[in-house]
Amino acid sequence: MRDTFYVTTPIYYVNGAPHIGHAYTTVVADALRRFHSLRGRRARFLTGTDEHGLKIEREAAARGMKPLDFATENADRFRALWPLLGVAPDDFIRTTEARHIAGVQKWWQTCAARGDIYLGRYKGLYCVACEGYKTEKELLDGGLCPVHERPVETLEEETYFFRLSKYQDALLKLFRETSFIQPETRRNEMIAFVEQGLEDLSISRTSFEWGIKVPGDPRHVVYVWFDALFNYRTALEADPALEAFWPPTVQLVAKDIVRFHTVYWPAFLMSAGLPLPETVFSHGYLLSAGRKTSKTPGQGGPAAVSYTTNPAKLVGALGADVLRYYLLRDVVFGNDSEFQVPNVIARARAELAETVGNLLNRTLPFVTRVFDGRVPSVDAALCGEREAELVAHGAKVAVDSGALWETFAHHRAIELCLELARLGNQYFDTQAPWKLAKSEADRARLGTVIAHVLAVVRTVATMLAPVIPVKAAAMLGQLGLQLEAREGHDAWPAALTFVPADTVIAPGEPVFLKYDAKTEAELLAALKADAPAVATPAAPEAPKVDAPVAEIAFDDFAKVDLRLGTVLSAEKVPKKDMLLKLSVDLGEAAGPRTIVSGIALAYKPEALVGKQVVVVANLAPRDFGKGLVSHGMLLACGPKESLGVATFDRAFAPGTRVK
RNA sequence: GCCGAUGUAGCUCAGUCGGUUAGAGCAGGGGAAUCAUAAUCCCAAGGUCGUAGGUUCAAGUCCCACCGUCGGCACCA
């Protein structure tokens with residue numbers, strides 16, 4: 001293993017505020033960085049923001065801002081979040097910084113000199129309304145744009161291409177022969193993807209301006225992936241001393257951007273003549289859709305409650321370490337996971353407070369009362385089978401847990417720490433130090449027992465330091481210790497590590513909060529998705545008001561046939577998080593209509609049955625695939641997670657015209 | 001449709017090269033103890049390992065089919 005470690009997160013697109021998914025990736029990166037630092041490696045952790053592109057240009061224009069000002073505003077929200085989470089990147093790069101722009105242009109020229117970039121024409125099916133290209137597969141029958149249901153046109157545009165096709169074989173070899181892509185399932189997908197053939201990649205645009213100018217051809221801006229991906233490299237280039245970190249040890253990505261990081265990116269690097277990252281690890285999603293329902297038949301079960309996923313709010317209520325613990329311990333790294341606040345609390349209570357914290361709390365009083373606040377020594381003559389077992393197990397856990405971290409199985413590494421803490425509690429119970437403390441004759445034996453328990457606490461706290469840095473330091477502090485991570489010194493325990501005899505302990509308040517029923521109820525109330533923002537005044541999203549639409553004549557309005565309808569039934573559309581399939585009675589002889597509506601994030605199907613809604617009745621049918629066709633549209637407003645459907649304050653016959 | 005992954009206790013997950021009565025934590029049940037934030041410890045219960053076949057002395061593990069779930073099938077980040 002190299003003695004340097006370099007971890008990156010994706011650079012986040014600044015078209016919105018950070019959410020729990022960003023927090024997740026970044027917390028994992030931070031923990032990995034801390035783990036490797038603890039092992040004495042020279043470690044570096046990079047995150048940042050991706051700030052170019054049409055979306056930013058437009059969004060900024062809609063607010064009457066300059067793109068850079070808009071991007072800065074959002075970039076600052078990301079930057080401000082990390083300290084709240086105990087996340088400490090070594091560098092934060094923005095794609096709008098001079099160092100990055102210069103770097104991208106340099107690497108562009110390098111690839112061009114290599115013969116891998118050429119000017120050509122991109123021919124595609126263009127939807128004027130979307131201002132974007134469509135693939136044939138996503139078009140509706142008759143070649144209509146799926147969004148606007150209007151014909152697309154074939155359009156040709158001048159663009160620079162990257163000779164991606166040239167790297168097909170090299171990529172396949174890379175995928176097949178190394179663990180470049182993890183986990184396995186992503187690797188298989190990418191092998192299948194590359195096997196079906198790679199076309200050259202369009203890497204410039206002329207349709208917008210907010211980007212890095214192509215060297216020597218300022219009509220073009222560098223397309224987002226050639227721009228963004230190079231951040232991992234350009235961030236190291238200002239200081240020659242940082243060259244040692246290249247290539248990245250591991251690059252974390254969410255599974256939606258695996259292809260860009262495992263196909264395009266290594267191809268760019270091969271072209272640029274740079275060594276490739278060792279691993280690109282794709283983690284899963286944190287799901288928060290609250291689609292959980294009781295599985296107990298016959299029982300409705302408690303209604304699913306959805307909780308906030310705003311990271312700042314969560315941290316405000318729970319604290320950074322509790323949230324970090326959950327993200328690193330409960331989520332199987334690589335798998336999707338349901339993010340549920342009650343689970344966060346349950347983990348923290350059972351594992352941190354009651355198992356690890358309590359082991360510390362129940363031990364320190366003996367040191368204070370019996371040994372005058374100084375850690376007792378071990379009397380080897382008084383050690384028996386139980387002690388040997390504890391020591392052996394501690395060594396095994398330390399070694400195995402470290403190994404699991406190295407292979408991105410930190411969730412299991414943490415579980416081993418818990419196992420050791422439980423063993424400590426068992427040992428404590430069987431040795432019953434409170435009995436030994438009653439007789440002066442047992443003093444040496446008591447000291448030996450206490451010293452062993454403290455060793456367990458120390459070892460566990462040290463191994464949890466990458467996960468819960470503040471709490472781990474607090475535990476070690478009560479033991480009179482400090483965690484020192486410095487380069488060249490492996491501070492990860494290789495065995496059960498005793499606290500030196502005579503160390504002066506510093507007992508204090510319990511390190512972990514007690515989540516009793518009352519505290520839990522309060523927390524849950526404060527973290528409900530619709531709880532008033534009083535709990536933590538995390539800046540609420542400024543309500544966005546859509547730009548006014550051009551004036552129309554009354555006759556134009558009259559073309560829209562709005563009707564009142566009664567919802568007869570509603571069900572989720574499988575695999576489509578946002579969609580509900582409704583059966584709506586419009587009083588028509590032909591019977592109720594099927595209407596598909598993108599309101600599933602805000603409404604449960606059963607909540608809509610019987611409701612009277614406003615329907616655009618003469619809208620052309622829209623095909624959602626798999627035989628699902630929508631005949632009309634519901635009127636609604638608001639953000640998609642909390643929108644409201646239009647309705648009236650009194651009932652009318654289905655089919656009544658709305659005007 | 002094609003390709004891939006996955007299905008183990010109520011929940012979340014382990015289960016190595018096929019090898020004894022399939023494991024852990026949490027939740028629920030019973031008990032012990034009183035050092036500790038009522039925190040701990042012990043015991044019992046809980047499984048047709050998705051279904052049906054096959055290979056084998058032996059299958060959770062290997063093979064085939066089917067079912068369920070999730071994902072991938074390029075310029076959309």
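Residues numbered from 1 in each chain as written. Chains lettered and ligands numbered in written order. Predicted model: local features only at pLDDT ≥ 70, side-chain atom pairs only at ≥ 80, totals over all residues. Heavy atoms only, no water.

Visitor: Describe the packing of aromatic side chains, listing the residues and the values that go with them.
Guide: Applying the stated criterion to the full structure yields 26 aromatic pairs. The interplanar angle of 10° and the centroid separation of 4.1 Å between the aromatic rings of Trp225 and Phe260 together place this pair among those described as stacked. Of this pair, Trp225 sits in helix H7 (residues 224-229) while Phe260 sits in helix H9 (residues 258-272); the two residues are 35 residues apart in sequence, bridging distant segments of the chain. A relative accessible area of 19% places Trp225 in the buried class. By the ring-pair criterion, three or more aromatic residues cluster together here, those being Trp107, Trp108, Tyr160, Phe162, Tyr167, Phe226, Phe230, Tyr232, Trp246, Trp265 and Phe268. (Phe/Tyr/Trp six-rings, centres within 6.5 Å; stacked < 30°, edge-to-face > 60°. Helix = DSSP H or I, 4+ residues; strand = E, 2+ residues; numbered from the N terminus. Buried < 20%, exposed > 50% of the residue type's maximum accessible area, 1.4 Å probe, protein only.)

Visitor: Can you tell me about the pairing of strand S3 (residues 91-94), naming the residues and giving the values?
Guide: Going residue by residue along S3, you find Asp91 and Ile93 tucked away on one face and Phe92 and Arg94 tucked away on the opposite face as well. Summarising the sheet, strand S2 (residues 42-50) and S3 pair through four bridges and their orientation is parallel. Looking at S3, one finds that Thr47 is bridged to Phe92. (Pairing = 2+ DSSP bridges.)

Visitor: With reference to specific residues and values, describe unusual backbone geometry.
Guide: Gln182 connects to Pro183 through a cis peptide bond whose omega is -5°. The topology assignment puts Pro183 in the loop between strand S7 (181-182) and helix H6 (184-195). Residue Pro247 is bonded to the preceding Trp246 through a cis peptide linkage, with omega at 0°. Looking at the secondary structure, you find Pro247 in the loop between helix H8 (231-234) and strand S12 (250-254). A positive phi angle is found at Asp502, which is not glycine, with a value near 75°. For Asp502, the position within the fold is in the loop between helix H17 (469-478) and helix H18 (517-527). Overall, the relative accessible area of 52% leaves Asp502 in the exposed class.

Visitor: Tell me about helix H4 (residues 98-113), and please be specific about residues and values.
Guide: Relative to the 22 Å expected for 16 residues at 1.5 Å per residue, H4 spans 22 Å between its end C-alpha atoms, a close match to the ideal helical length. Among the residues of H4, those classed as buried are His100, Gly103, Val104, Trp107, Trp108 and Cys111. Along H4, the residues classed as buried sweep out an arc of 140° about the axis, all on the same side. More than 90 degrees from the buried face of H4, the exposed residues found are Ala98 and Ala113. Remark: Gly115 follows H4 within two positions and exhibits a positive phi of approximately 85°. (Expected span 1.5 Å × (residues − 1). Arc of directions from axis to C-beta.)

Visitor: Lay out the sheet that holds strand S10 (residues 213-214) in plain terms, naming residues and giving numbers.
Guide: Within the open sheet, the three strands sit side by side as S9-S11-S10. Their pairing is antiparallel. The open sheet is flanked by strand S9 (204-205) and S10, the only strands paired with a single partner. Strand direction decides the pairing type here: S9 and strand S11 (residues 217-222), joined by two bridges, are antiparallel. Note on S11: the bridge partner recorded for Arg205 is Val221.

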